[in-house]
Amino acid sequence: MNTIKTRKRILITGGAGFLGSHLCERLLNEGNDVLCVDNFFTGSKDNILHLLDNPHFELMRHDVTFPLYVEVDEIYNLACPASPIHYQFDPVQTTKTSVHGAINMLGLAKRVKAKIFQASTSEVYGDPLVHPQKEDYWGHVNPVGIRSCYDEGKRCAETLFFDYYRQHQLKIKVARIFNTYGPRMHPNDGRVVSNFIVQALQNQPITVYGQGQQTRSFCYADDLIDGFIRLMNSADEITGPINLGNPGEFTILELAEKVIALTGSASQIVFKPLPSDDPLQRQPDIGLATEKLGWKPSISLQEGLVKTIQYFDNLLKRS
Ligand code: NAD
Ligand code: UDP
Ligand code: UDP
């Protein structure tokens, strides 16, 4: 009897980013070989420095808009800037990353018969007209606005995944990720959780956009990564799209107040103009993930914020 566990060879694109670095770590801990591919646009070697000595970890600087020829068993396609200021910095490159990146990774998956996971997003629902959002909602997306490079790029990537599934019988797994936060978020990426924590720790004004009545649902990174792995390991007929996120919904003003309370900050809240196309409400319906994957988040916003504040506190003290 062969009792030796064969290591899976797993490719993670965007592996040096916030979520990618947590995923690299987790898959290495589970006894796999991990190939991390990243062009370091928003990711950083600092996020994976602690993995570089691991002989089962390999790092490759590469842009997924170009073809990639490697031999792997599974692909997690995460490469894409995720925060509005980053994806709006070079919107053409953002669309190319989602669309050409998906084509290349799907072509690779087809050639080596690998299972492939796509990090899609709640942004495919746009500014939703139904609440909470279920997977069968087709979305309300502006095709020509400043968020479109991201939203439409991700929608087109989903289309490609499902066409490769139907046309070439690929094994696909599409996750629609809702706002996620945690250690290794980029301190300057403009996302609300990192912004508020950094502002609070520095006793700077907390910048609430609009009146702060818009809502988001925040999932802690470890919970989300658990969902990724459950989805990847699920039965082949479970293709998604499947929502992954924490249904706890908060207004942005509530988030600001929580961060101030947890940091004991002297910061005041200031109100700034609301960016265009900013969705008013967002909350996942995770019934499908719970039914099909037995998954639901277990870390509360309070708990997750405490860990994230700790991370940023250490980071700011070091810099
Ligand atoms: P991130 O910006 O920290 O990570 C993205 C990574 O992709 C970075 O390391 C970046 O350098 C890399 N990258 C970008 N363009 C690339 C290219 N052309 N070739 C190779 N690498 C490239 O963002 P994140 O929050 O870790 O997001 C990871 C994925 O999850 C993204 O696809 C994002 O759209 C998706 N997602 C994240 C959230 C969230 O709340 N964090 C929500 C929905 C979806
Ligand atoms: N591709 C890749 N690595 C591979 C195989 C394919 O990067 O191992 C890219 C290649 O650039 C190709 C794209 O994936 O254009 C789509 O591949 P597919 O086989 O679906 O289509 P092709 O364009 O080759 O007909
Ligand atoms: N936001 C805010 N202040 C900030 C950063 C963001 O009020 O300093 C708001 C933003 O307008 C949005 C919400 O917080 O309504 C979430 O923004 P983020 O960029 O984190 O994610 P997304 O809009 O992509 O969900």
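Residues numbered from 1 in each chain as written. Chains lettered and ligands numbered in written order. Predicted model: local features only at pLDDT ≥ 70, side-chain atom pairs only at ≥ 80, totals over all residues. Heavy atoms only, no water.

(A) Just the site of ligand 1, in detail. Close contacts around ligand 1 come from 30 residues, with Leu-19, Asp-38, Thr-42, Tyr-150 and Lys-154 the closest. A distance of 2.9 Å separates an oxygen atom of ligand 1 from a polar atom in the backbone of Phe-18. Separating an oxygen atom of ligand 1 from a side-chain N or O atom of Lys-154 is a distance of 2.8 Å. In the complex, 96% of the free accessible area of ligand 1, which totals 820 Å², lies under the protein chains. Secondary-structure elements contributing two or more residues to the shell around ligand 1 are helix H1 (18-29), helix H3 (91-112), strand S5 (115-121) and helix H4 (148-168). In terms of residues, the shell around ligand 1 owes the most to one element, S5, which gives three residues. Residues of the shell around ligand 1, tallied by class, amount to 14 nonpolar, 12 polar and four charged. (Near = heavy atom within 4 Å. Polar contact = N/O pair within 3.5 Å; in protein donor to acceptor, adjacent residues only side chain to side chain. Areas by Shrake-Rupley, 256 points an atom, 1.4 Å probe, with all protein chains shown as cover. Helix = DSSP H or I, 4+ residues; strand = E, 2+ residues; numbered from the N terminus. Nonpolar A, V, L, I, M, F, W, Y, C, P; charged D, E, K, R; others polar.)

(B) Summary view of the environment of Ile-197. With respect to the element layout, Ile-197 can be found in helix H5 (residues 192-201). Note on Ile-197: relative accessible area 0%, which makes it buried. Sequence separation of Ile-197 and Ala-82 is 115 residues, and the distance between their C-alpha atoms is 18 Å. Not counting residues up to four positions away in its chain, the partners in contact with Ile-197 are Val-259, Leu-305, Thr-308, Ile-309 and Phe-312. (Buried < 20%, exposed > 50% of the residue type's maximum accessible area, 1.4 Å probe, protein only. Contact = heavy atoms within 4.5 Å.)

(C) Layout of the state of the cysteines. By the definition in use, this model includes zero disulfides. Summary of cysteine pairing: Cys-36 is not part of a disulfide, and the nearest cysteine sulfur, belonging to Cys-24, is at 4.3 Å. The thiol of Cys-149 is not disulfide-bonded; the next cysteine sulfur, from Cys-80, is found 8.2 Å away. (Disulfide = S-S within 2.5 Å.)

(D) Region of interest: the nonpolar core. Among the nonpolar cores identified, the biggest contains 58 residues, and Leu-23, Tyr-76, Phe-117, Phe-228 and Leu-305 are the most heavily contacted of them. Ranked by residue count, the leading element in this core is helix H6 (residues 221-232), at seven residues. Ignoring any residue separated from it by four or fewer positions in sequence, one finds Phe-117 in contact with Ile-75, Tyr-76, Asn-77, Leu-78, Phe-161, Lys-173, Ala-175, Phe-228, Leu-231 and Met-232. (Core = buried A, V, L, I, M, F, W, Y, C linked by side-chain atoms within 4.5 Å.)

(E) Structural view of the side chain of Glu-158. By the element assignment, Glu-158 lies in helix H4. Judged by relative accessible area, Glu-158 falls into the buried class, the value being 8%. A distance of 2.7 Å separates a polar atom in the side chain of Glu-158 from a polar atom in the side chain of Arg-176. Apart from residues lying up to four places away in sequence, Glu-158 is in contact with Ser-120, Val-124, Val-174, Arg-176 and Pro-241.

(F) Region of the structure containing the packing of aromatic side chains. This model, assessed by the stated rule, comprises nine aromatic pairs. A centroid spacing of 5.1 Å and a plane angle of 45 degrees characterise the contact between Tyr-76 and Phe-117, whose relative ring orientation is tilted. Placement of the pair is Tyr-76 in strand S4 (residues 74-77) and Phe-117 in strand S5, with a sequence separation of 41 residues. For Phe-117, a relative accessible area of 0% gives the class buried. With centroids separated by 6.1 Å and ring planes inclined at 40 degrees, the aromatic side chains of Tyr-125 and Phe-178 adopt a geometry described as tilted. Taken together, the positions of Tyr-125 in the loop between S5 and H4 and Phe-178 in the loop between strand S6 (172-177) and strand S7 (180-181) put the pair 53 residues apart, joining distant regions of the chain. Assessed through its relative accessible area of 1%, Phe-178 is described here as buried. (Phe/Tyr/Trp six-rings, centres within 6.5 Å; stacked < 30°, edge-to-face > 60°.)

(G) How the structure looks around the UniProt feature "domain: NAD(P)-binding" (unreviewed entry) in the chain. According to UniProt, the positions carrying the feature "domain: NAD(P)-binding" (unreviewed entry) are residues 11-306. Secondary structure within residues 11-306 divides into 36% helix and 18% strand; the distance between the first and last C-alpha atoms comes to 31 Å. (UniProt positions renumbered as here; feature names shortened; annotations may be inferred.)

(H) Representation of the pattern of salt bridges in the model. According to the stated counting rule, one finds 17 salt bridges in the structure shown. Salt-bridge contacts for Asp-236 lead to Lys-171; the nearest nitrogen and oxygen are separated by 3.7 Å. One end of the pair, Asp-236, is in the loop between H6 and strand S11 (242-244); the other, Lys-171, is in the loop between H4 and S6, and 65 residues separate them in sequence. For Asp-236, a relative accessible area of 40% translates into the label partly exposed. For Arg-191, the salt bridge is made with Asp-189, and the minimal N-O distance between the two is 2.9 Å. Arg-191 sits in the partly exposed class, given a relative accessible area of 22%. (Salt bridge = Lys/Arg side-chain N within 4 Å of Asp/Glu carboxyl O.)

(I) Seen up close, the site of ligand 3. Around ligand 3 lies a shell of 18 residues, among which Asn-195, Thr-207, Tyr-209, Arg-216 and Asp-278 are the nearest. Contact between ligand 3 and Asn-179: an oxygen atom at 2.9 Å from a side-chain N or O atom of the residue. A distance of 3.0 Å is found between an oxygen atom of ligand 3 and a side-chain nitrogen or oxygen belonging to Gln-214. Burial of ligand 3 by the protein chains amounts to 95% of its free accessible area of 520 Å². Elements with a contribution of two residues or more to the shell around ligand 3: H5 and strand S8 (206-209).

(J) Geometry of the sheet that holds S4. Taken together, seven strands build an open sheet; the order of strands is S3-S2-S1-S4-S5-S6-S11 and the sheet is parallel. The open sheet has two free edges, formed respectively by strand S3 (57-61) and S11, since each of these has just one partner strand. Taken over all neighbouring pairs, the strand axes of this sheet differ in orientation by 20 degrees on average, direction set aside. For S6 and S11, the ladder comprises three bridges, and the chain directions are parallel. The partner of Arg-176 across the bridge, within S11, is Asn-243. Against the sheet, H3 contacts strand S1 (9-13), S4 and S5, and its axis sits at roughly 170 degrees relative to S4. Helix-sheet contacts for H4 involve S5 and S6, and the interaxial angle to S5 is about 155 degrees. (Pairing = 2+ DSSP bridges. Axes fitted to C-alpha atoms, helices over the stretch in contact; angles between N-to-C directions.)

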